[in-house]
Amino acid sequence: MIETQNLSKRYGRIQAVDDVSFRVEPGQVLGFLGPNGAGKSTTMKMIAGFLTPSSGSAKVCGFDVREQSIQARRELGYLSEGAPSYGEMTVWGFLNFIADVRGLQGAQRRERLDDAVGRLQLGGVLMQVIDTLSKGFRRRVGLAQAILHDPRVLILDEPTDGLDPNQKHEVRSLIQSMAAQRTIVISTHILEEVNAVCSRAIIIASGRVLADSTPAELEARSRYHGAVSLTTPEPLAVRDGLLRVEGVAQVEIDAQDGRITAFPRAGQKIFEQVGEFLRSQSVPVSEVQLERGRLDEVFRNITQAAQPAKEAA
Amino acid sequence: MNPVRAIFKRELASYFATPVAYVFIVIFLVLAGAFTFYLGGFYERGQADLQPFFNFHPWLYLFLVPAVSMRLWSEERKSGTIELLLTLPVTMWQAVLGKFLAAWAFICIALALTFPIWLTVNYLGDPDNGAILAGYLGSALMAGAFLAIGACLSAATRNQVIAFILTVVVCFVLLLAGFSLVLEAISAVFPQGVVDAVAGLSFLTHFSAIAKGVVDLRDALYFVLTIVFWLVACALVIDLRKAD
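Residues numbered from 1 in each chain as written. Chains lettered and ligands numbered in written order. Predicted model: local features only at pLDDT ≥ 70, side-chain atom pairs only at ≥ 80, totals over all residues.

Topic: the overall build of chain A
Counted only if it meets this: Helix and strand assignments come from DSSP, with helices taken as H or I runs of at least 4 residues and strands as E runs of at least 2, each series counted from the N terminus. Any residue pair is listed as a contact if its two C-beta atoms, each placed from the backbone, are within 7 Å.
Looking only at helices and strands, one finds eleven helices and 14 strands in chain A. If you take every contact in chain A between residues at least 6 apart in sequence, the share linking residues at least 24 apart comes to 69%.

Here is the structure:
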């Protein structure tokens, strides 16, 4: 469980994190979204006990990160941005160092090392020096370090940044496989990741929480939510037809691929009506799709709407 | 395992994981030998003791210890591992102490490898081995004090070169404070009390007595307190500058 209350961090005149309060329960995977410099990393660093908050508090499994810092850090696995590790060590030496510091011993130590090495498929590179590994492997070493003591809370700062699509998929599967009993917070600016792994998303910009809901709810805020897109050889003719369909507010043609999107009026469903229209007019279409909503558009609207407000203030 | 021990073990091993350790030890041994025999006149003195050997240690440490200490914290900061280290369940003190002790142990290993000179002087004559042991002890303590200064200044910057130069300058000032030339200059202007105070701050003053084989508790205490002072400062600097 993670709980923050009015968490703030100020560097001189810059307010990096401003009054952030949220609570994450076991079983939840919280995605932290925001443009670069929004305060995601700073918030995570404060929860991890690296930075001291200017005001407000954070608790990990009930332990205050300032007052009971060591207990809080025992419950926590943390992967900081860029997955730093001691480059001159071998993977095995590094993981054993972490096990030493975390006080793992005997059978439990062997079991935990085996589990972390197995989950991240590090078996083949155990005796390699970390500096000689590829970026993907280094990230995995950092993840192995974070999960080594089987923590109840995991904080992962951009766990898939810089990985290739296969590696991203593996890391997401790992997060999902660990999600059931744990409290997990990941930060990302890859929006597809939110749908893939997160049960909840917080959008943060200029240090403030701008949205806190499920990915589906965020998608529903999109202009595209409930819209119908289709591809046809005669876009112009179809557009005029679609505009007459009941519930359709607007029709747009994509300038690049000629795809037509029909947007519904607020609160109306138009998929069936559009389908009916296409059948009755015998319009040749090669594909039709009901849009769920576009997170990138929602993300842009939310984060950019915050900018002028901030400048005015 | 106790976190201090775990950090100590890792740090010490990391010195030997790169050629740095071997280069350092070789240069230390060559310079220690050259100073003793050529500048110190080890043979010409015709005395069976290690004074010419120990007399050059402050100057040897002046450049070699900062070379060890410069990477101590600035490297952690630069590679980002400081964030890893300080989010593990270790207190600031355990981290500072573990790293310091490992660097100190490394320099003590280099110092211990000068043992052939002890064998030589025992072969050539009949020295006071108690005094030699005291000299080694004093030298190790002084190296610790240099190192603590270096640790603190290394925590202040992510640039190793800056850490090196700052450490050399601070250590040089602390050495000069006990140099007779400087003390005479001060005594021309200030009363004797000021001269004694300045001399009392110097490494040279406290080390020269130990190097002669006289272990005064006050001299040993001086070095221990210097180490403690700079390590406390080191912990404070890290805490203040973590965000950078």
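What about the nonpolar core?
One broad rule of soluble globular proteins: the nonpolar side chains tend to lie buried together. Stated precisely, the cut-off is as follows: To form a nonpolar core, buried Ala, Val, Leu, Ile, Met, Phe, Trp, Tyr and Cys residues must be joined through C-beta atoms within 7 Å. Counting other C-beta atoms within 10 Å of a residue's C-beta gives its exposure: the residue is buried at 20 or more, exposed at 12 or fewer, and partly exposed in between, where C-beta atoms are placed from the backbone.
Ranked by internal contacts, the top residues of the largest apolar core, which has 135 residues, are A:Ala144, A:Ile155, B:Leu147, B:Ala148 and B:Ala151. Element by element, the count of residues in this core is highest for helix α9 (residues 129–155) of chain B, at 15 residues. With residues up to four places along the chain from it excluded, the contact list for A:Ile155 reads A:Met44, A:Ile47, A:Ala48, A:Leu76, A:Tyr78 and A:Val185. Within the second largest apolar cluster, twelve residues are counted, among which are A:Val228, A:Ile260, A:Ala262 and A:Ile270.

A closer look at the packing of helix α4 (residues 57–69) of chain B against helix α7 (residues 92–112) of chain B
To characterise two packed helices, one gives the angle between the axes of the helices and the distance between these axes. Residues and elements named next belong to chain B. Heads up, the rule is: To define axes, lines are fitted to C-alpha atoms, for helices over the stretch in contact only, and angles between the resulting N-to-C directions are given on a 0 to 180 degree scale. Reported orientations rely on four angle classes, namely roughly parallel under 35 degrees, roughly antiparallel over 145, roughly perpendicular from 65 to 115, and oblique for the rest. For a crossing to be left-handed, the near helix must be turned anticlockwise from the far one by less than a right angle; the clockwise case is right-handed. By the convention adopted, Pro, Cys, Tyr, Trp, Phe, Met, Ile, Leu, Val and Ala count as nonpolar, Lys, Arg, Asp and Glu as charged, and the other residues, Gly among them, as polar.
Remark: α4 packs on α7, axes separated minimally by 10 Å, with the N-to-C direction vectors making an angle of 140°. With respect to α7, the axis of α4 lies oblique. The handedness of the crossing between α4 and α7 is right-handed. Between α4 and α7, the contacting residues are Val65, Val68 and Ser69 on the first element and Ala103, Phe106 and Ile107 on the second. Tallied by class, residues from the contact of α4 with α7 come to five nonpolar, one polar and no charged.

Notes on the domain arrangement of chain A
Put simply, the rule reads: The start and end points of each domain follow an automatic or database-based domain assignment.
Domain boundaries in chain A define domain 1 (2–220) and domain 2 (228–291). Domain 1 of chain A and domain 2 of chain A are separated by 43 Å when their C-alpha centres are compared.

What about the interface of chain B and chain A?
Reports often express the size of an interface as the amount of accessible area lost when the parts come together. Contacts between the two partners involve 20 residues from chain B, matched on the other side by 22 residues from chain A. For the side of chain B that touches chain A, the secondary-structure elements that each account for two or more residues are α1 (3–17) and α6 (81–85) of chain B. Of the residues forming the side of chain B that touches chain A, the biggest block, five residues, is contributed by α1(B). For the side of chain B that touches chain A, the residue count by class is ten nonpolar, seven polar and three charged.

A look at the sheet that holds strand β2 (residues 14–24) of chain A
Residue and element names in this part refer to chain A. Just so we agree on the cut-off: If DSSP finds at least two bridges between two strands, the strands pair.
The four strands are arranged β2-β1-β4-β5 in an open sheet whose pairing can be described as antiparallel. At either end of the open sheet lies a strand with only one pairing partner, and these are β2 and β5 (63–64). Here five bridges tie strand β1 (residues 2–11) to strand β4 (residues 55–60), and the two strands are oriented antiparallel to one another. Across the sheet, the residue bridging to Gln5 is Ser57, located in β4.

A short note on unusual backbone geometry
All names here are of chain A. Here the phi dihedral of Asp150 falls at roughly 50°; this positive angle occurs in a residue that is not glycine. Structurally, Asp150 can be placed in the loop between α5 (135–147) and β7 (153–157). The phi torsion at Glu158 lies on the positive side, around 45°, for a residue other than glycine. As for its placement among the helices and strands, Glu158 is situated in the loop between β7 and α6 (165–179). Under the C-beta neighbour-count criterion, Glu158 is labelled buried, with 23 such atoms within 10 Å.

A look at the pairing of strand β11 (residues 228–231) of chain A
Residues and elements named next belong to chain A. Of the two faces of β11, the one holding Val228 and Leu230 is buried and the one holding Ser229 and Thr231 is not buried anywhere. Examined bridge by bridge, β11 and strand β13 (residues 260–264) share three bridges and lie antiparallel to one another. Of the residues in β13, the one forming a bridge with Leu230 is Ile260. Pairing of β11 with strand β14 (residues 287–290) involves four bridges; the strand directions are antiparallel.

Notes on the sheet that holds strand β3 (residues 29–33) of chain A
Residues and elements named next belong to chain A. On the basis of which strands lie adjacent, the open sheet formed by six strands has the order β6-β7-β8-β3-β9-β10 and mixed pairing. With one partner strand each, in any of the chains shown, β6 (76–79) and β10 (208–213) form the two edges of the open sheet. The sheet shows a mean angle of 15° between the axes of neighbouring strands, taken without regard to direction. The pairing of β6 with β7 spans four bridges and is parallel. When the bridges of β7 are listed, Leu76 appears paired with Val153. Running over the sheet, α5 touches β6 and β7 and is turned about 165° from β6. Its contacts with the sheet place α6 against β3, β7 and β8 (183–188), and it is angled at close to 155° to β8.

Some points on the packing of α4(B) against helix α10 (residues 160–176) of chain B
Residue and element names in this part refer to chain B. Interaxial distance between α4 and α10 falls to 9 Å at its minimum, and their mutual angle equals 155°. The angle between α4 and α10 places the two elements in the roughly antiparallel class. Taken as a pair, α4 and α10 cross one another with a handedness that is right-handed. Together, Pro58, Leu62, Phe63, Pro66, Ala67 and Ser69 of α4 and Phe164, Thr167, Val168, Cys171, Phe172 and Leu175 of α10 make up the contact between the two elements.

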